[in-house]
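# Tertiary structure, described
One-letter residues, chain by chain:
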Amino acid sequence: MSADARQIEAKNYTAILNNYPAEKRYILAIMQDMQGEFRYLPQESLELIASYVNVPLSRVYSMATFYKAFSLVPKGRINFKVCDGTACHIKGSNIIIDMIYQHLGIKPGETTADGEFSIETVNCLGACALAPALVANERVHPKLTSSGIIKIIKSYEGQIYATGN
Amino acid sequence: MRISIDHQAIDVNPGETILEAVRKTGIDIPTLCYHEAFGGQGMCRMCMVEVKNGNTTRLVASCTYPIYEEIEVKTSTPAIEKIRRSIVTLLYRTAPKSEFMENLYREYNCKENRLSIDLNERCILCRLCVRACEEIGSSAISAIFRGTEKRISTPFDEASAVCIGCAACVEVCPTGAIGLSETDEERTIWNKTFALVHCERCGKPFATREQLDYIATRVGMKDNAANFCEDCRKKNLATQISQFI
Amino acid sequence: MQQAINNDKRMILVCCGTGCLANGSMEVYQALQQQLSTNEVQVKTYTKATGCNGWCEQGPLVKIMPDDITYCLVNAKDVPEIIAKTLQTGEIINRLLYRDPKSKKRFKSHHEIDFYKKQHKVALRNIGEIDPASIEDYISTDGYKALKKVLQEMTSAQVIDEVMKSGLRGRGGGGFPTGLKWKAGATTKASPRYVICNGDEGDPGAFMDRSIMEGDPHTVIEGMIICAYAIGACAGYIYVRNEYSLAVKNLNIAINNARSQGYLGKDILGSQLAFDIEIVRGGGAFVCGEETALIASIEGNVGEPRDKYIFPTEKGLWGQPTIINNVETWANIPVIINKGAAEFASIGTEGSKGTKVFSLVGKVINTGLVEVPMGTTLREIIFDIGGGIPGGRNFKAVQTGGPSGGCIPEHMLDLQVDFDTLIKAGSMMGSGGLIVMDDRTCMVEIARYYANFLAGESCGKCTPCREGIKAMLEILNNICQGEGREEDLEFLQEIGETMQTASLCALGRTAPNPVLSTLHHFREEYLEHINNARCPAGVCRDLTEFYIDGEPCTGCGLCVKNCPVDAISGEKKKVHVIDQDKCIQCGECINHCKFDAVKIR
């Protein structure tokens, strides 16, 4: 990373930390803001959090690995969260996961080499009536089919994606 | 207050755990995650006992159950023994080559089963190492991830900046799961290599520089006093340690 | 129903719960807003974005009042027509009305449809009717009336007494009597005290709490303030699952509105009560639905539970007396105060008073949220309200209680659902998920699915749960791959019993339930996998083969067109063949074949 980029990132870390009192109970909230900002939790961010709230790094690392909301490796520009809740499961979520693997070559937890796409499974999106479903960067795609998912992937490929709805 | 343990009447203080009370009687309850210095953790569930309180009878973990009422405790029943055997059976596959688990397996007469075994595994996740590191060391290691992927590690599986190489973790580990390699000059543990300090009197390597500095800081000594090994400095070291536990 | 309508104004309610949003309801809402402001519509209108109606299958839903018209599957393109016809002239657009798949009849209003008619909404009373971002809307439906009554006319002891008399039991899964919990919290001596809302709805297949937090956040807030008064608490926390971003957003708006109107903060409504609420976002951990793990999480730790020999009502958050209740439990409190405990207790069964919200999902025609009195039978819920099994298939089982529950087979469909009957049946209520399964669901695979889920969600602290689930999962994987043996079943039973007695928390203690209940009710299915290496439901990949039966096959090629992996080949008008190496068993060929030529073995 360039020196400029590092500086910017350092500023962002501080900005996020300063939103919260320096207390252990805000670790989770701080991490969520950082995950949202950087798409993952860089090693530095954990070290900064540990010193900010005065808690051993090992404990902060325990939390970063315990909670599935966080990733220690960068997620793709488009992150597919495929729901594997029971309703979605019995309606074929594993087939959707297969199709994504066939088309993009990634399995849950992996990111494509170009950093464009990543896939993970999540436990339940709460859209059970629209099973099987996935979320791509906050946007819910309901009632997926094996052919429909290909169309969805293609619609994101090469697109300049504007964050937020 | 008075409670009964295996039909023996025992005096206890309110809030004391059943395990603490039982240890006074000389009755043996098996434990895997308990250590005198750290107390009970409620993780291994080997110490489960039967408690009768009024009309209710239930099984509880004796290392975390605080006594506030006049209960009747049974430290062993067929149901409890079944649980203990089951736990040992399940745990055996996490440390199959360790003498500790081999002994337990035989003691509980465990049955063979078809579950897969990784002969390289050694950790039973009792977390005594983590507790030792918290109490005596610098909290360099912790339990990471969760569920079936839970394991003990330094952050990022890298050499920890705060690890002082004291090897307290190795001391308390029942299955020898922590890798420690040592020569006269160096100690390597958790991916970090330390230079060893030699005893000024007998020349034996006995501690890392970082360890001595850490102790000095915790005890409040400005200058790290004479570097003597345990044997040569037994009494003084004991006093120092007892000051900060 | 709606009182906030001006008599000369028409109200248009657009469902903007997560489900309908996914289907494009925001575009419908925006189109209505835009076109109604620019158009010269003769009639005055007011458009509202509401929370989830619980009928996601038919969304986007648009309701028009006071006409009482419900339009289904509405598209933004339909908006001009709705304005021109229904709003301007009152003409109903038939094609947008709900059409019953069996009778083919069209219904004007959702009130006429079985799915809604047979429900009894208490916790869900406001959802789909009010704009969750508007505190005025909430107030217009008796909102904060209960709080006023409590602060001005009742003592804290009377409040607790009323909750006890109502017979309300925790709706999150534990079913513990709420009144008793509050009483315990009030009688401890320590202070400060806390109130927590458990919004970490993690059971896969359950989304009632999501719907309440999104669609009627004030009912939760009001419930919590009433409890704060009853037990003397100063601060409250709503722990919301990280994945529910709309719920977090709407809760934040509601809390801010409540504060600015004096319902939260100091001297609430001129009383001496000072109470405020903070939202804590979960980190993505099912185990944090367990109350001691939730508390640990709020405190800034990993979500590992502790032994509960001392209850949170005595030592909870930061070692202080704490009341934790589930979202749906909180939603019932204002109703109990307003209508009185006796009326609340007049519904339900002897041991389980009131109603319960179920999320009816899976292989059922009408999927969605269903609120019915306790004691309603499974058959009524699944067939009368749910409309039965789609595709002409047969009912096989219904899974209740999520990963802590069990599967209930057909011969028990007349079970009257309540906390105790479900436990007797080898399952439990859990948070209310009802997952309907048909003959194409493999019960062994379901047990494996839940074991896999729990393997990742267990906190990993105690041996029986962590190692027990690991062992169960390995055995179940073997069975699903055709490598099981009969002695495995006995071993599963033994491990299960150890987990039930020795695990540290309820997750571990109930983790064996899906395995043990399917073993009990569907043992033959396990044996078929083990002894004959066959999966009767045609689900387990290694034991199943999709093939084309030469007899009915006409070589029309429809299957080839719809196969996403090009696994089928064949010449026109000649029998087609499936390449087993490529086939992923997605079932599209079965779905499309008009001659029933694709078979499973």
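Residues numbered from 1 in each chain as written. Chains lettered and ligands numbered in written order. Predicted model: local features only at pLDDT ≥ 70, side-chain atom pairs only at ≥ 80, totals over all residues.

## Observations regarding the overall build of chain C
- Scanning chain C for helices and strands turns up 24 helices and 19 strands.
- The C-alpha atoms of chain C give a radius of gyration of 26 Å, which matches the 25 Å a tight globule of 601 residues would have.
- Projecting the C-alpha coordinates of chain C onto the three principal axes gives extents of approximately 80 × 70 × 40 Å.
- Out of the 601 residues in chain C, the part that is buried amounts to 58%. (Helix = DSSP H or I, 4+ residues; strand = E, 2+ residues; numbered from the N terminus. Rg over C-alpha atoms; globule rule 2.2 N^0.38 Å. Buried ≥ 20, exposed ≤ 12 C-beta atoms within 10 Å, placed from the backbone.)

## Quick notes on helix 6 (residues 209-219) of chain B
Residues and elements named next belong to chain B.
- Where helix 6 is concerned, the buried positions are Gln211, Tyr214 and Ile215. Taken down its axis, helix 6 places every buried residue within 100 degrees of arc, on the same side.
- Looking one or two residues past helix 6, Gly220 carries a phi angle of roughly 95 degrees, positive in sign. (Arc of directions from axis to C-beta.)

## Quick notes on the nonpolar core
All names here are of chain C.
- Counting residues in hydrophobic clusters, the biggest one holds 291 residues, and the most contacted among them are Ile225 and Ile226.
- Apart from the residues lying within four places of it in its own chain, the contact partners of Ile225 are Leu147, Tyr263, Leu264, Ile268 and Phe275.
- The next biggest cluster of nonpolar side chains, apart from the first, holds twelve residues, and it includes Phe546, Cys553, Ala567 and Cys593. (Core = buried A, V, L, I, M, F, W, Y, C linked by C-beta atoms within 7 Å. Contact = placed C-beta atoms within 7 Å.)

## A closer look at the pairing of strand 12 (residues 368-373) of chain C
All names here are of chain C.
- Among the six residues that make up strand 12, six are buried, leaving the element largely enclosed by the rest of the structure.
- Looking at chain direction, strand 11 (residues 355-362) and strand 12 are connected through six bridges and run antiparallel. The residue bridging Leu360 from the neighbouring strand is Gly368, located in strand 12.
- The turn joining strand 11 and strand 12, which pair antiparallel and follow one another in sequence, is formed by five residues. (Pairing = 2+ DSSP bridges.)

## Focus on the packing of helix 17 (residues 443-457) of chain C against helix 21 (residues 513-521) of chain C
Residue and element names in this part refer to chain C.
- Packing of helix 17 against helix 21 leaves a shortest axis separation of 8 Å and a crossing angle of 170 degrees. One finds that helix 17 runs roughly antiparallel with respect to helix 21. Two secondary-structure elements touch here, helix 17 through Met443, Val444, Ile446, Ala447, Tyr450 and Ala451 and helix 21 through Pro514, Val515 and Thr518.
- The class makeup of the residues in the contact of helix 17 with helix 21 is eight nonpolar, one polar and no charged. (Axes fitted to C-alpha atoms, helices over the stretch in contact; angles between N-to-C directions. Parallel < 35°, antiparallel > 145°, perpendicular 65-115°, else oblique. Nonpolar A, V, L, I, M, F, W, Y, C, P; charged D, E, K, R; others polar.)

## Concerning the sheet that holds strand 12 of chain C
All names here are of chain C.
- Spatially, five strands are ordered 12-11-15-13-14 in an open sheet, and the strand pairing comes out mixed. Looking at which strands have only one partner, the edges of the open sheet turn out to be strand 12 and strand 14 (406-409). The average undirected angle you get between the axes of adjacent strands in this sheet is 30 degrees.
- In this structure, strand 13 (residues 395-400) lies alongside strand 15 (residues 433-438), joined through five bridges in antiparallel fashion. Bridging from a neighbouring strand, Ala397 pairs with Met437 of strand 15.

## Structural notes on the domain arrangement of chain C
- Assigned domains within chain C: domain 1 (9-117), domain 2 (135-345), domain 3 (355-438), domain 4 (443-532) and domain 5 (545-600).
- Look at where the C-alpha atoms of domain 3 of chain C and domain 5 of chain C centre, and you get two points 34 Å apart. (Domains from an automatic or database assignment.)

## Brief notes about the interface of chain A and chain B
- Across the contact, nine residues belong to chain A and eleven residues belong to chain B.
- In terms of residues, the side of chain A that touches chain B owes the most to one element, helix 4 (residues 57-66) of chain A, which gives seven residues.
- Residue composition of the side of chain A that touches chain B, by class: four nonpolar, four polar and one charged.

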